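# Remarks on the overall topology
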Amino acid sequence: TPLKLRKIAITGASGLLGNELSVFFKEKGVNVVQISQSIPEDSTSTLRWLPSEGLFNEFSALEGVDAVIHLAGENVASGEGLLAILGRWTNAKKDRIVSSRLDSTKLLVESISKLKK
């Protein structure tokens, strides 16, 4: 039998893919917990976290989720200066890409481990 998702969490929910997935799952009747560093002005349901600072005060909203889709991290499509125009990343950009994924994954795992269920 197929898995019936009742509640999912999506990190990076304000990004292109995260936003589209949120809409898709909501249309299917799934309760979506949206998590992002930047909260859209029209949002009343997006939870804010700051993985680089280890802050996620509302992690209890993850209680009872059936799945987590983890998309958070430094935007790989943006760059700096001439190297960005050429489609290349600076070393600093590469470091931000890696650290943003490590920091957010660590915070997510730590938050999930504190849940009751």
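Computed from a prediction, not measured in an experiment: that's the story for all the values here.

### Here we look at the overall build of the protein chain
Secondary structure summary: the protein chain contains three helices and four strands in total. For the protein chain, the succession of helices and strands along the chain, N to C, is β-α-β-β-β-α-α. Within the protein chain, the proportion of its 117 residues that are buried is 28%. Sequence-distant contacts in the protein chain: of pairs separated by 6 or more residues, those separated by 24 or more amount to 55%. Here the protein chain has roughly 7800 Å² of accessible surface; of this, 56% comes from carbon and sulfur atoms.

### Some details on the pattern of salt bridges
Counted by the stated rule, this structure contains three salt bridges. The salt bridge involving D66 is made with R6; its shortest N-O contact spans 3.3 Å. Linking D66 in the loop between strand 3 (47–48) and strand 4 (67–70) with R6 in the segment before strand 1 (7–11), this pair joins segments that are 60 residues apart in sequence. Given the relative accessible area of 30%, D66 is considered partly exposed. For R6, a relative accessible area of 53% corresponds to the exposed category. One salt bridge in this structure joins E74 and K93, with 2.9 Å as the shortest N-O distance. You can see E74 sitting in the loop between strand 4 and helix 2 (81–85) and its partner K93 sitting in helix 3 (residues 91–113), a full 19 residues away along the chain.

### Focus: the nonpolar core
Where a protein is soluble and globular, its nonpolar side chains tend to be buried together. Of all hydrophobic cores here, the largest spans eleven residues; its members are A9, V33, I35, L47, W49, F56, L62, A72, L107, L108 and L115. In this structure F56 touches I35, L47, R48, W49, L62, L107 and S111, once residues within four positions along its chain are discounted. I8, A13, F25 and V32 belong to the second largest nonpolar core, which has six residues in total.

### Here's the deal with the sheet that holds strand 1
If you trace the four strands from one edge of the open sheet to the other, you get 3-2-1-4, paired in parallel fashion. Edge positions in the sheet fall to strand 3 and strand 4, since each of these pairs with one other strand and no more. In this structure, strand 2 (residues 31–36) lies alongside strand 3, joined through two bridges in parallel fashion. Looking at the pairing, S36 lines up with R48 of strand 3. Sheet contacts for helix 3: strand 1 and strand 4; angle to strand 4, the most-contacted strand, approximately 165 degrees.

Definitions and limits used
Residues numbered from 1 in each chain as written. Predicted model: local features only at pLDDT ≥ 70, side-chain atom pairs only at ≥ 80, totals over all residues. Heavy atoms only, no water. Helix = DSSP H or I, 4+ residues; strand = E, 2+ residues; numbered from the N terminus. Buried < 20%, exposed > 50% of the residue type's maximum accessible area, 1.4 Å probe, protein only. Contact = heavy atoms within 4.5 Å. Areas by Shrake-Rupley, 256 points an atom, 1.4 Å probe, with all protein chains shown as cover. Salt bridge = Lys/Arg side-chain N within 4 Å of Asp/Glu carboxyl O. Core = buried A, V, L, I, M, F, W, Y, C linked by side-chain atoms within 4.5 Å. Pairing = 2+ DSSP bridges. Axes fitted to C-alpha atoms, helices over the stretch in contact; angles between N-to-C directions.

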